[in-house]
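So you can see what is in the structure, the chains are spelled out below.
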Amino acid sequence: MSAPLWRQAFDAAERAVAPRAESLVRTEHFALGAALVRRAQTLASRSAQGLSARAWHLLNLPAGSDISRLRAQIGSLDREVRRLTIQLEQERRRSATSRPGAPRQTTPTTEDSDADGAQPADGARPRPARRRAQHPPRP
């Protein structure tokens, strides 16, 4: 049984075009053109993002970059609170076991295993907001 007519037409076109397309995409000019197109796309995207951020800021509303920065700050604070909570619990356990007559804990708890996976908040801090507060004009 032979292939459908549309498939035969596709295969014939592919056999004619594929070798030329392969030789084209392997050239230095194609690589340069692809890099220039990618750079132009990035520039256009950044320009559009900057323009939309300025428009949102003119309306005194947060832009996407503001939200991203706030999310990073919240994540950093969350990691710091977790780290401090784990340290506090460890200090409480140490002080409880150092007292005479206090029960000793020998099996690791879930908090101990959580402490092993805690990440310090010593990484790069998010940048502060670039905009300053808008004040009414002075009389």
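Being a predicted model, the structure only gives us computed values, none of them experimental. (Residues numbered from 1 in each chain as written. Predicted model: local features only at pLDDT ≥ 70, side-chain atom pairs only at ≥ 80, totals over all residues. Heavy atoms only, no water.)

**What about the overall build of the protein?**
When helices and strands are tallied, the protein shows four helices and zero strands. Secondary structure elements of the protein occur, N-terminal to C-terminal, as α-α-α-α. Here the protein holds 139 residues, and 7% of them are scored as buried. A fraction of 58% describes how many contacts in the protein between residues 6 or more apart in sequence connect residues 24 or more apart. (Helix = DSSP H or I, 4+ residues; strand = E, 2+ residues; numbered from the N terminus. Buried < 20%, exposed > 50% of the residue type's maximum accessible area, 1.4 Å probe, protein only. Contact = heavy atoms within 4.5 Å.)

**Details of the pattern of salt bridges**
Charged atoms that come close allow side chains of opposite charge to pair. On inspection of all chains with the given rule, the structure shows seven salt bridges. Between Arg83 and Glu80 there is a salt bridge whose closest N-O contact spans 2.7 Å. On the criterion of helical spacing, the pair formed by Arg83 and Glu80 is a turn pair, its members being three residues apart in helix α3 (residues 64-98). According to the relative accessible area criterion, Glu80 is partly exposed, its value standing at 21%. For Glu91, the salt bridge is made with Arg94, and the minimal N-O distance between the two is 2.4 Å. With Glu91 and Arg94 both in helix α3 and three residues apart, this pair spans about one turn of that helix. Take Arg94: its relative accessible area is 48%, and that puts it in the partly exposed class. (Salt bridge = Lys/Arg side-chain N within 4 Å of Asp/Glu carboxyl O.)

**Some thoughts on helix α2 (residues 28-58)**
A rise of 1.5 Å per residue sets the reference length of α2, with its 31 residues, at 45 Å; its end C-alpha atoms lie 45 Å apart and thus fit the reference within 8%. Taken from the residues just after α2, Asn60 is the one with a positive phi, measuring 60°. (Expected span 1.5 Å × (residues − 1).)

**Describing a nonpolar patch on the surface**
A contiguous nonpolar surface patch, about 260 Å² in accessible area, is contributed by Leu24, Val25 and Phe30. By the element assignment, Val25 lies in helix α1 (residues 5-25). (Patch = residues over 30% accessible without salt bridge, like charges linked within 9 Å, V, L, I, M, F, W, Y side chains within 5 Å. Areas by Shrake-Rupley, 256 points an atom, 1.4 Å probe, with all protein chains shown as cover.)

**Considering the side chain of Arg69**
Within the fold, Arg69 resides in helix α3. Residue classification places Arg69 among the buried positions, given a relative accessible area of 12%. At 2.7 Å, the side chain of Arg69 forms a polar contact with the side chain of Asp66. (Polar contact = N/O pair within 3.5 Å; in protein donor to acceptor, adjacent residues only side chain to side chain.)

From the geometry alone we can't say anything about function, so treat these as descriptive.
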